[in-house]
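Listed below, chain by chain, are the residues.
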Amino acid sequence: MAAAAVALCFLLREVDGVSQVLLGLKKTGFGRGKIVGIGGHVEPGESDAEAAVREVREEAGVGIRHEDLRDAGVVRFVFPARPEWNMDTRLFTTVKWEGEPIESAEIAPAWFDTATLPVDRMWQDADHWLPVILEGGRVNIVVTMDDDNEAVASSESLLS
């Protein structure tokens, strides 16, 4: 079974010298109740960047352009107990957008200080890669989830 193609985009800003990232409370579907990155599945015929632009518009009401996206790498999520959940996730960041984030049927967006991410309310894997990309780095990592589909069994950084 092939992994689903997913794109996430993290909007970054600085307020009074404090770095912030836009995340959202997932209201429906996979990950419901967790704080997640803004994004979703790549549609057929769509590039990863095009999917990120579309998903940010649909989920947070914010306009971004693919040329303003910074490629922050890839996370492959492996769910041995639920292989249909496996995902190849392209990560992007941007510091340019139009509009203010608004709540949608799927996501309640909110700004979080990057130094104090709400990791206790996120998927456990976020600690393994999110700080790296928020600091301007790039990742190529495989995260294998435990049989409970919540805990991280292992994470392995790959050479790019």
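Treat the numbers as computed from the prediction; the structure is a model and nothing was measured. (Residues numbered from 1 in each chain as written. Predicted model: local features only at pLDDT ≥ 70, side-chain atom pairs only at ≥ 80, totals over all residues. Heavy atoms only, no water.)

1. Observations regarding the overall build of the chain
And step 1. Each helix and strand counted, the chain has 2 helices and 9 strands in total.
And step 2. The C-alpha atoms of the chain give a radius of gyration of 15 Å, which matches the 15 Å a tight globule of 160 residues would have.
And step 3. Its C-alpha atoms put the chain at 40 × 35 × 35 Å along the principal axes.
And step 4. Classification of the 160 residues of the chain by burial places 46% in the buried group. (Helix = DSSP H or I, 4+ residues; strand = E, 2+ residues; numbered from the N terminus. Rg over C-alpha atoms; globule rule 2.2 N^0.38 Å. Buried < 20%, exposed > 50% of the residue type's maximum accessible area, 1.4 Å probe, protein only.)

2. Here's the deal with the side chain of Asn-149
And step 1. Mapped onto the fold, Asn-149 is located in the loop between strand 8 (139–145) and strand 9 (152–157).
And step 2. Residue classification places Asn-149 among the buried residues on the basis of a relative accessible area of 10%.

3. Focus on helix 2 (residues 126–134)
Turn by turn, an α-helix covers 3.6 residues, leaving residues three or four places apart pointing in a common direction.
And step 1. Along helix 2, the residues classified as buried are Ala-126, Trp-129, Leu-130, Ile-133 and Leu-134. Looking down the long axis of helix 2, one finds its buried residues gathered within 130 degrees of arc, a one-sided arrangement.
And step 2. In this fold, the buried residues of helix 2 make contact with strand 1 (4–15), strand 2 (18–26), strand 5 (70–78), strand 6 (87–94) and strand 8.
And step 3. One or two residues past the end of helix 2 sits Gly-136, with phi positive at roughly 95 degrees. (Arc of directions from axis to C-beta. Contact = heavy atoms within 4.5 Å.)

4. Side note on unusual backbone geometry
And step 1. Positive phi is not limited to glycine here, since Asp-16 has a value of about 50 degrees.
And step 2. Secondary-structure assignment places Asp-16 in the loop between strand 1 and strand 2.
And step 3. You can call Asp-16 exposed: its relative accessible area is 78%.
And step 4. A positive phi angle, close to 60 degrees, is found at Asn-149, a residue other than glycine.

5. Observations regarding the side chain of Arg-54
And step 1. Within the secondary structure, Arg-54 is located in helix 1 (residues 48–60).
And step 2. Side-chain polar atoms of Arg-54 contact the side chain of Glu-46, separated by 2.6 Å.
And step 3. Among all residues touching Arg-54, those that are not within four sequence positions of it are His-41, Glu-43 and Glu-46. (Polar contact = N/O pair within 3.5 Å; in protein donor to acceptor, adjacent residues only side chain to side chain.)

6. Side note on the nonpolar core
And step 1. Grouped together as the largest cluster of nonpolar side chains are 46 residues, with contacts concentrated most on Phe-10, Leu-91, Trp-129 and Leu-130.
And step 2. Leave out the neighbours within four places in its chain, and Phe-10 touches Val-21, Leu-22, Leu-23, Gly-37, Leu-91, Phe-92, Thr-93, Thr-94, Trp-129, Leu-130, Ile-133 and Leu-134. (Core = buried A, V, L, I, M, F, W, Y, C linked by side-chain atoms within 4.5 Å.)

Interpretation note: all reported values are geometric properties and have no functional meaning in isolation.
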